[in-house]
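Working through the structure, step by step
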Amino acid sequence: KEGKTSILFGYTLGKAQRLIKHLDTSIGQIYTHGAVENMTNVIRPMVKLPYTTLISADVSIEDLKVNIVVAPPSAHGSTWIRKLVPYETASASGWMSFRGARRRRAIDKGFVLSDHCDWQGLLSAIKATGAEKVISTHGYTEIFSRYLRELGYDARTE
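What this report covers is the structure whose coordinates are included nearby. Note that the structure is predicted; figures quoted are calculated from it, not measured.

**Describing the overall build of the protein**
Scanning the protein from terminus to terminus reveals 7 helices and 8 strands. Oriented by its inertia axes, the alpha-carbon framework of the protein measures out at about 55 × 40 × 25 Å. Counting the 158 residues in the protein, one finds 35% classified as buried. A sequence separation of at least 24 residues applies to 52% of the contacts in the protein between residues at least 6 apart. In the protein, which carries 21 positive and 15 negative side-chain charges, the distance between the mean positions of the two groups comes to 5 Å.

**Description of the nonpolar core**
By size, the foremost hydrophobic cluster in this structure holds 13 residues, and its most contacted members are Ile7, Phe9, Leu64, Val69 and Trp80. At the level of elements, strand E1 (5–9), strand E4 (68–71) and helix H4 (79–82) are the ones that each hand at least two residues to this core. Setting aside chain neighbours within four positions, we find Val69 in contact with Thr5, Ser6, Ile7, Leu8, Tyr31, Ile55, Leu64 and Trp80. Ile126, Val134, Phe144 and Ala155 belong to the second largest nonpolar core, which has 6 residues in total.

**Structural notes on a positive patch on the surface**
A cluster of basic side chains, namely Arg99, Arg102, Arg103, Arg104, Arg105 and Lys109, defines a positive patch on the protein surface. Tracing the chain through its elements places Arg103 in helix H5 (residues 101–104). For Arg103, a relative accessible area of 62% puts it in the exposed group.

**A short note on the pairing of strand E8 (residues 154–157)**
With 4 bridges joining them, strand E7 (residues 133–136) and E8 adopt parallel strand pairing. Across the sheet, the residue bridging to Ser136 is Thr157, located in E8. Regarding the hand of the β-α-β motif, the stretch spanning E7, helix H7 (residues 141–150) and E8 is right-handed.

**Regarding the packing of helix H6 (residues 119–129) against H7**
Running from N to C, H6 and H7 cross one another at 50°; their axes reach a closest spacing of 12 Å. By the angle between their axes, H6 is oblique relative to H7. Crossing hand, H6 versus H7: right-handed. Where H6 approaches H7, its residues Trp119, Leu122, Leu123 and Ile126 are matched on the opposing element by Ile143, Phe144, Tyr147 and Leu148. Tallied by class, residues from the contact of H6 with H7 come to 8 nonpolar, no polar and no charged.

**A look at the pairing of E4**
The pairing of E1 with E4 spans 4 bridges and is classified as parallel. Paired with Leu8 across the two strands is Val70, which belongs to E4.

**Comments concerning the packing of aromatic side chains**
Under the counting rule described, the total for this entry stands at 3 aromatic pairs. Put simply, the rings of Trp119, Phe144 and Tyr147 touch in pairs and so form one group of aromatic residues.

**So, the pattern of salt bridges**
Opposite charge on two side chains makes pairing possible when the charged atoms of those side chains draw close. Using the criterion set out here, one finds 4 salt bridges in the structure. Linking Glu88 and Lys4 is a salt bridge whose minimum nitrogen-to-oxygen distance equals 2.8 Å. Of this pair, Glu88 sits in strand E5 (residues 87–93) while Lys4 sits in the segment before E1, placing them 84 residues apart in sequence. Residue Lys4 is classed as partly exposed on the basis of its relative accessible area, which comes to 27%. Among the ionic pairs, Glu62 bridges to Lys65, the shortest N-O distance being 3.3 Å. Each of Glu2, Lys4 and Glu88 takes part in salt bridges that share partners, so that together they form one network.

About the cut-offs
Residues numbered from 1 in each chain as written. Predicted model: local features only at pLDDT ≥ 70, side-chain atom pairs only at ≥ 80, totals over all residues. Heavy atoms only, no water. Helix = DSSP H or I, 4+ residues; strand = E, 2+ residues; numbered from the N terminus. Buried < 20%, exposed > 50% of the residue type's maximum accessible area, 1.4 Å probe, protein only. Contact = heavy atoms within 4.5 Å. Lys, Arg positive; Asp, Glu negative; His and termini not counted. Charge placed at Lys NZ, Arg CZ, Asp CG, Glu CD. Core = buried A, V, L, I, M, F, W, Y, C linked by side-chain atoms within 4.5 Å. Patch = residues over 30% accessible without salt bridge, like charges linked within 9 Å, V, L, I, M, F, W, Y side chains within 5 Å. Areas by Shrake-Rupley, 256 points an atom, 1.4 Å probe, with all protein chains shown as cover. Salt bridge = Lys/Arg side-chain N within 4 Å of Asp/Glu carboxyl O. Pairing = 2+ DSSP bridges. Right-handed = clockwise from strand over helix to strand, strands pointing away. Axes fitted to C-alpha atoms, helices over the stretch in contact; angles between N-to-C directions. Parallel < 35°, antiparallel > 145°, perpendicular 65-115°, else oblique. Left-handed = near helix turned anticlockwise from the far one by under 90°. Nonpolar A, V, L, I, M, F, W, Y, C, P; charged D, E, K, R; others polar. Phe/Tyr/Trp six-rings, centres within 6.5 Å; stacked < 30°, edge-to-face > 60°.

From the geometry alone we can't say anything about function, so treat these as descriptive.
So this is what it looks like as structure tokens:
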């Protein structure tokens, strides 16, 4: 309504696709940052996702003002985002549950949305994939990797 581009930040793998899947496409088209579009195209054969359009030189800034853009948090404050002025930003993250997170990140709106799972959820996901090698990159990485090795997995930290 205000002639601003609506930019929604979500991590490139997983969060962005979860957002795209649940956005209401009846109110506008979904445009994506290159990193989000690339990962979405990898996931698209496995998960039903709405159509998205990569923001490229062919996309006019006027088109973006009546639609929504999904971008990774790393795009915030970048030269890429400056091309989209004027804009309003929002972030979908578990971090938004912490007091002051929206202000510290200079985000206009914050939505609490966490993709973290519990110990049993992680073990179930690993078993379901049939993975033989697991690299732990977040949280209690050493403890989790050690436990996976005890279960027979080739597991390590970053």
